[in-house]
Structures are given as C-alpha cells and as structure tokens.
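A look at the structure
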Amino acid sequence: MTKKKISLFFLMLCLLLTGCSFPGLGKSVGNDGIVVAGGNTTERQILAEMMMQMTKHYLPESDVSLINNLGSTLLILQSLQRSDTNVSGAMYTGTSLVGELGLTPTSDADKAMEQVVKGYDEKYNMVWFPSYGFENTYAFMVSRKLAEKYNLKKVSDLKQYADTLKAGVDTSWIKRQGDGYEGFKELYGFDFEAVLPMEIGLVYNAVYEDKMDVVLGYSTDGRISSYDLVLLEDDLHLFPPYQASPVVTKDLLRKFPDMETILLKLEGEITTSTMQELNRLSDEEHLEPYTVAEQFLKEHNYFEDKKVTHLDKRDLYKDIISDILPLTERE
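Below, the structure is looked at part by part. (Residues numbered from 1 in each chain as written. Predicted model: local features only at pLDDT ≥ 70, side-chain atom pairs only at ≥ 80, totals over all residues. Heavy atoms only, no water.)

So, the layout of surface pockets
Estimated volume of the largest pocket: approximately 810 Å³. Of all elements in the fold, only helix H3 (42-58), helix H5 (93-98) and helix H13 (272-283) reach the threshold of two or more residues within the lining of the largest pocket. A per-element tally of the lining of the largest pocket places H3 first, with 3 residues. Residue classes in the lining of the largest pocket are distributed as 7 nonpolar, 13 polar and 7 charged. Considering only enclosed or pocket space, the second largest pocket measures out at about 250 Å³ in volume. In terms of residue class, the lining of the second largest pocket is built from 7 nonpolar, 5 polar and 3 charged. (1 Å grid on protein atoms, 1.4 Å probe; cavity = no way out; pocket = protein on both sides within 12 Å on 5 of 7 lines; lining within 4 Å. Points joined across faces, edges and corners; volume = space filled by probe spheres on them. Helix = DSSP H or I, 4+ residues; strand = E, 2+ residues; numbered from the N terminus. Nonpolar A, V, L, I, M, F, W, Y, C, P; charged D, E, K, R; others polar.)

In structure tokens:
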C-alpha cells in the first residue's frame, strides 16, 4: 500500500477509538528513529517529504520514515504527543493559535509566531521552528480579466462593485467566528450581491469559468497560477497570519542535535509563489509529492551552502533551545 493510499479512516479509528499507536511507527521512534508527520493536503505532503529527504541527506545513517494522510492539525499533534511521530512537516500559526492553543486571533504575524512558539513550548514540550518563508491563508481572488476591468488590487477595491458581484466561498467560512463572513462584513463594510457556499476545491474552477466573479480560496493553491488568477491584498487584515513551519519534539533534538541545523536550512527558502508552483506540479501535473520535493531539493543542492544562525542567537527561541541543546553541542 502506498503512503497516499493509507486509509484516513483506519488511522482515525486506530488513534481516537482504540488509543493505539500508528502501526510500526511508535517502535521506530522508540528505537531512536525519526518519523515525520505529514497530512492529507498536497502542501503538507510535499513539505513532509522535504523534511524526510533533507534528514536522510544529512543523517544518512539514521532511520527515517514518514506517515501521511493525517487529516487535521489535531491528529498531527496527537501523533507527536504519543511519540508515533517526532517531527511535523508543517504547522500553521493561525490554525494552531486559535485551535489547539485556544488563543485570540491576531493579524500581527510576529505576535502570532511568538505566541505559538511559547505555547508549544509550555503546553506540549515541543519546538516551533522559524517559517519556511510563506503563508497559506484564506485569500480573495478574481480572474485577471475582472481585475484589469475594475483595476482590482486589494479587497477594498471590490466595495464599489460588490452589489453586482457573486462570491463563491468555503462553506465553513460562512459561520466561522472572527475572520469569517460576519467579521468580513463588519471590517470591510460591504457585502456581495450573492454569497454562495462551495467546497473549497471547486472555487478556483468556478471563477476561472466565470461562474463566480470573486472567490475565497487558499493563497498557495497551485491553480492560482494555472488559471492566471489574481490574489487581492487583504488590506484591512481580516485573516490572521498562517505562516508555515516545522515543529519537532524536544526529545528528537536531544537525540539528534544536527536536526536544528537541518531545519534551519529551510528557513525562508520557500516563497508563496514557490509553494504555489510546487502544489501545481503535484495537483495539476500529477507528480508525486516525493518527486516534487526531491526535484526542489536537488535544484538547490539541499541548501548545503547555506550558513545558518542557530536558535540560541534568536531572542524568541533562545531560552527554549538552550535548555535542550547547550551551545557546545552545536558549535
């Protein structure tokens, strides 16, 4: 059975109902293995593959494996807590801030990062690393034809035309608190002629085929470039930042101190447009996430020439990382 075909139902049933570990993975972690937690989205699978391949490249003697198709951030977190995995390929600040940490959403990216770093350290005994360099957030988008017709660059530009526009939005966004539909109307001060709930995966084709005038999608979806869609700037900052970062257990860093350097080599190396293209290669060109990750890493020579600044030199992480890895172990 391939990694992409692992049954999500089986995984959820195993984890949530019987309380067992993921088959074969708990043993690997217990034997000083490195197990990467992926997800059920293309993006999370690509990033998890990058993490696994970077680790194999720099720690060739280590036992590295991957589990994909974990269907939510909560399932990924539970796999880390149970030691079924010990590194997550991708977690998102906005999701974890208001989700498992239960904190108030914020539009300040630095504040959000600081809160999740502190929260994961104190609540889960894990280290939230710096961002890969991109956010995957909700974003309003239109066709290039409509953007040029009305000179649309930011969400506020829609206001004078909104009563003639049909909007297709993620079904869950309608009743979402804070940055959902009601929050949008209150902050931006306008509504559309019609707001139609849709499955998130259908909105891109709907606006491309002019069935919708404006849609709400994800900022790193590969179809944005494939369909030549225009992302509108969230100029009033409705949506909280969703910066993507790896997260690791402290036990993993103690066993494999070199993981700090490996993780930091990917800091800031993936822009939003790069992530869009990587997602497109998998979703539209049908390349396996493994292949997409491998091509990206080989193209950049696994970032071997990149010099990293260790976390002890960053105020945000200094105390956390110093407790785990004394400076003498890393230099």
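Next comes the rest of the write-up.
Comments concerning the sheet that holds strand S3 (residues 87-92)
Reading across from one edge, S2-S1-S3-S10-S4 is the order of the 5 strands in this open sheet, with mixed pairing throughout. Each end of this open sheet is capped by a strand with a single partner; those strands are strand S2 (64-67) and strand S4 (126-128). Adjacent strand axes in the sheet meet at a mean angle of 25° when their direction is disregarded. Of the pairings in the sheet, the one linking S3 to strand S10 (residues 244-249) comprises 4 bridges and is antiparallel in character. Considered in S10, the bridge of Met91 is made with Ser245. Sheet contacts for H3: strand S1 (34-37), S2, S3 and S10; angle to S3, the most-contacted strand, approximately 140°. (Pairing = 2+ DSSP bridges. Axes fitted to C-alpha atoms, helices over the stretch in contact; angles between N-to-C directions. Contact = heavy atoms within 4.5 Å.)

Overview of the pairing of strand S7 (residues 194-198)
For strand S6 (residues 166-170) and S7, the ladder comprises 5 bridges, and the chain directions are parallel. The residue of S7 that forms the bridge with Asp170 is Met198. In this fold, S6 hands off to helix H8 (residues 181-188), which returns the chain to S7; that crossover is right-handed. (Right-handed = clockwise from strand over helix to strand, strands pointing away.)

Looking at the sheet that holds S7
Strand order in the open sheet formed by 5 strands is S7-S6-S8-S5-S9, with mixed pairing between adjacent strands. Lying at the two open borders of the sheet, with one neighbouring strand each, are S7 and strand S9 (229-231). Averaged over all neighbouring strand pairs, the angle between strand axes comes to 35°, with direction disregarded. The pairing of S6 with strand S8 (residues 214-218) spans 2 bridges and is parallel. Of the residues in S8, the one forming a bridge with Ala167 is Val214.

Considering the nonpolar core
If you look at the biggest cluster of nonpolar residues, it comprises 65 residues, and the most contacted ones within it are Met50, Tyr120, Leu253 and Met259. At 7 residues, the largest contribution of residues to this core is made by H3. Excluding anything up to four places from it in sequence, Met259 contacts Ile34, Thr55, Leu59, Leu252 and Leu253. If you look at the next biggest cluster of nonpolar residues, it comprises 38 residues, including Leu152, Tyr181, Ile224 and Tyr227. (Core = buried A, V, L, I, M, F, W, Y, C linked by side-chain atoms within 4.5 Å. Buried < 20%, exposed > 50% of the residue type's maximum accessible area, 1.4 Å probe, protein only.)

Comments concerning the environment of Asp221
Residue position: Asp221 is located in the loop between S8 and helix H10 (223-226). Taking the C-alpha atoms as reference points, Asp221 and Thr272, separated by 51 residues in sequence, lie 9.4 Å from one another. With near-sequence residues (within four places) excluded, Asp221 lies in contact with Tyr204 and Gln276. A distance of 2.9 Å separates a polar side-chain atom of Asp221 from the backbone nitrogen of Arg223. (Polar contact = N/O pair within 3.5 Å; in protein donor to acceptor, adjacent residues only side chain to side chain.)

Side note on the packing of aromatic side chains
Applying the stated rule across the entire model yields 19 aromatic pairs. Ring centres of Tyr120 and Trp128 lie 5.1 Å apart, and the angle between their planes is 75°; on these two criteria the pair is classed as edge-to-face. The class of Trp128 is buried, set by a relative accessible area of 0%. Note on Tyr208 and Tyr227: the rings are 4.5 Å apart at their centroids and 20° apart in plane angle, and the pair reads as stacked. Taken as a pair, Tyr208 in helix H9 (residues 203-208) and Tyr227 in the loop between H10 and S9 lie far apart in primary sequence, 19 residues in all. Take Tyr208: its relative accessible area is 45%, and that puts it in the partly exposed class. Every member of this aromatic cluster is reached through a ring pair, and the members are Tyr138, Phe140, Trp173, Tyr181, Phe184, Tyr188, Phe190, Phe192, Tyr218 and Phe239. (Phe/Tyr/Trp six-rings, centres within 6.5 Å; stacked < 30°, edge-to-face > 60°.)

Remember that the coordinates give geometry; whether it matters functionally is a separate question.
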